[in-house]
Amino acid sequence: MPGKLFVLDGLDGSGKTTQTALAAKALEAAGRPVRIISFPDYQQESSALVRMYLAGEFSPDPDDVNAYAASSFYAVDRYASYQKFWKKDYEAGHTILATRYVSSNAIHQMAKLPREEWDSYLSWLSDFEHEKLGLPRPDRILFLDMNRRAADSLLLKRYGGDASREDIHERDRAYLARCQESAAYAAKAGGWTVIRCDDGEHPLPQAEIAEKILRCLLEAM
């Protein structure tokens, strides 16, 4: 019997990596071993096109790279990761905790399309990654929802205040604002669990967010 696949997703600066690590630690303390996976898998050759895209090698403007083309870059990276690294564990019944997944394409690539094309894109994405590529469907997707002002401050801290180190998504604040809209649409359409991560202006304490996440994950076990 397959295991459980849980996804923590969100826009840049929402604290996904930190919260995934905290969730894994809490689940393991409760006697539930977890394997963490993260996308893109920058250490593997399968992420080469993603790295080129984010570095601006195709264009410094993310909108110049077709939504479907860019989606395929990320999808191939996930396919390689699944086949090489975690398929056996998942099929053996292990719990997999993913930082980003198919949902990230819905968040970041759908925003490039006109609103009237969003439903058809979501249908295409589900069919492409889950049916054609055979990637397992998550048992639950948790979307870490943080307002852009709070997230932007955390992004800058990530690079020690050096904005030149940001990728083409991170440095384009207008693009990220549109991604916030596409994320809200995808979350509603896909039945994602939305975790509020700010008080309207500032980020909530990490422990408070972690408690919300752990409660949702345990309910879904």
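So, a few notes on the structure that sits alongside this text.

What counts, and at which threshold
- Residues numbered from 1 in each chain as written.
- Predicted model: local features only at pLDDT ≥ 70, side-chain atom pairs only at ≥ 80, totals over all residues.
- Heavy atoms only, no water.
- Helix = DSSP H or I, 4+ residues; strand = E, 2+ residues; numbered from the N terminus.
- Buried < 20%, exposed > 50% of the residue type's maximum accessible area, 1.4 Å probe, protein only.
- Contact = heavy atoms within 4.5 Å.
- Polar contact = N/O pair within 3.5 Å; in protein donor to acceptor, adjacent residues only side chain to side chain.
- Axes fitted to C-alpha atoms, helices over the stretch in contact; angles between N-to-C directions.
- Parallel < 35°, antiparallel > 145°, perpendicular 65-115°, else oblique.
- Left-handed = near helix turned anticlockwise from the far one by under 90°.
- Nonpolar A, V, L, I, M, F, W, Y, C, P; charged D, E, K, R; others polar.
- Disulfide = S-S within 2.5 Å.
- Salt bridge = Lys/Arg side-chain N within 4 Å of Asp/Glu carboxyl O.

1. Quick notes on the environment of Arg137
Tracing the sequence through the fold places Arg137 in the loop between α5 (118–132) and β4 (140–145). Given a relative accessible area of 43%, Arg137 falls into the partly exposed group. The spatial distance from the C-alpha of Arg137 to the C-alpha of Tyr101 is 9.8 Å, given a sequence separation of 36 residues. With residues up to four places along the chain from it excluded, the contact list for Arg137 reads Leu5, Tyr90, Ser126, His130 and Glu131. One polar contact links Arg137 to Ser126, side chain to side chain, over a distance of 3.0 Å. A distance of 2.9 Å separates the side chain of Arg137 from the side chain of Glu131, its partner in a polar contact.

2. Quick word on the packing of helix α3 (residues 67–91) against α5
Any two packed helices are characterised by how steeply their axes cross, that is the angle between the axes, and by the distance between the axes. Look at α3 against α5: their axes get within 11 Å of each other, and the N-to-C directions meet at 30°. Accordingly, the angle class assigned to the pair α3 and α5 is roughly parallel. Considering only the axes of α3 and α5, their crossing is right-handed. Between α3 and α5, the residues in contact are Tyr68, Ser71, Ser72, Ala75 and Arg78 and Tyr121, Trp124, Phe128 and Glu129, respectively. Tallied by class, the residues present in the contact of α3 with α5 amount to five nonpolar, two polar and two charged.

3. Thoughts on the environment of Ala55
Checked against the element boundaries, Ala55 lands in the loop between α2 (48–54) and α3. Residue classification places Ala55 among the exposed residues on the basis of a relative accessible area of 53%.

4. Considering the side chain of Asp145
Structurally, Asp145 can be placed in strand β4. Residue Asp145 is classed as buried on the basis of its relative accessible area, which comes to 16%. Side chain to side chain, Asp145 and Arg196 meet in a polar contact 3.1 Å long. Among residues more than four places away in sequence, those in contact with Asp145 are Gln180, Val194, Ile195, Arg196, Cys197 and Asp198.

5. Quick notes on the state of the cysteines
With the rule as written, the count across this model stands at zero disulfides. The thiol of Cys197 is not disulfide-bonded; the next cysteine sulfur, from Cys216, is found 11 Å away. You can call Cys197 buried: its relative accessible area is 0%.

6. Section: the pattern of salt bridges
Enumeration over the complete set of coordinates arrives at 11 salt bridges. Where Asp89 meets Arg35, a salt bridge forms, and the shortest distance between an N and an O atom there is 2.8 Å. Taken together, the residues Asp89 in helix α3 and Arg35 in strand β2 (residues 34–38) connect sequence positions 54 residues apart. For Arg35, a relative accessible area of 29% corresponds to the partly exposed category. Where Asp63 meets Arg178, a salt bridge forms, and the shortest distance between an N and an O atom there is 2.5 Å. Of this pair, Asp63 sits in the loop between α2 and α3 while Arg178 sits in helix α7 (residues 173–190); the two residues are 115 residues apart in sequence, bridging distant segments of the chain. Assessed through its relative accessible area of 30%, Arg178 is described here as partly exposed. In this structure, a network of salt bridges that share partners links the residues Asp145, Arg196 and Asp198.

Don't take any of this as a statement about function, it's just geometry.
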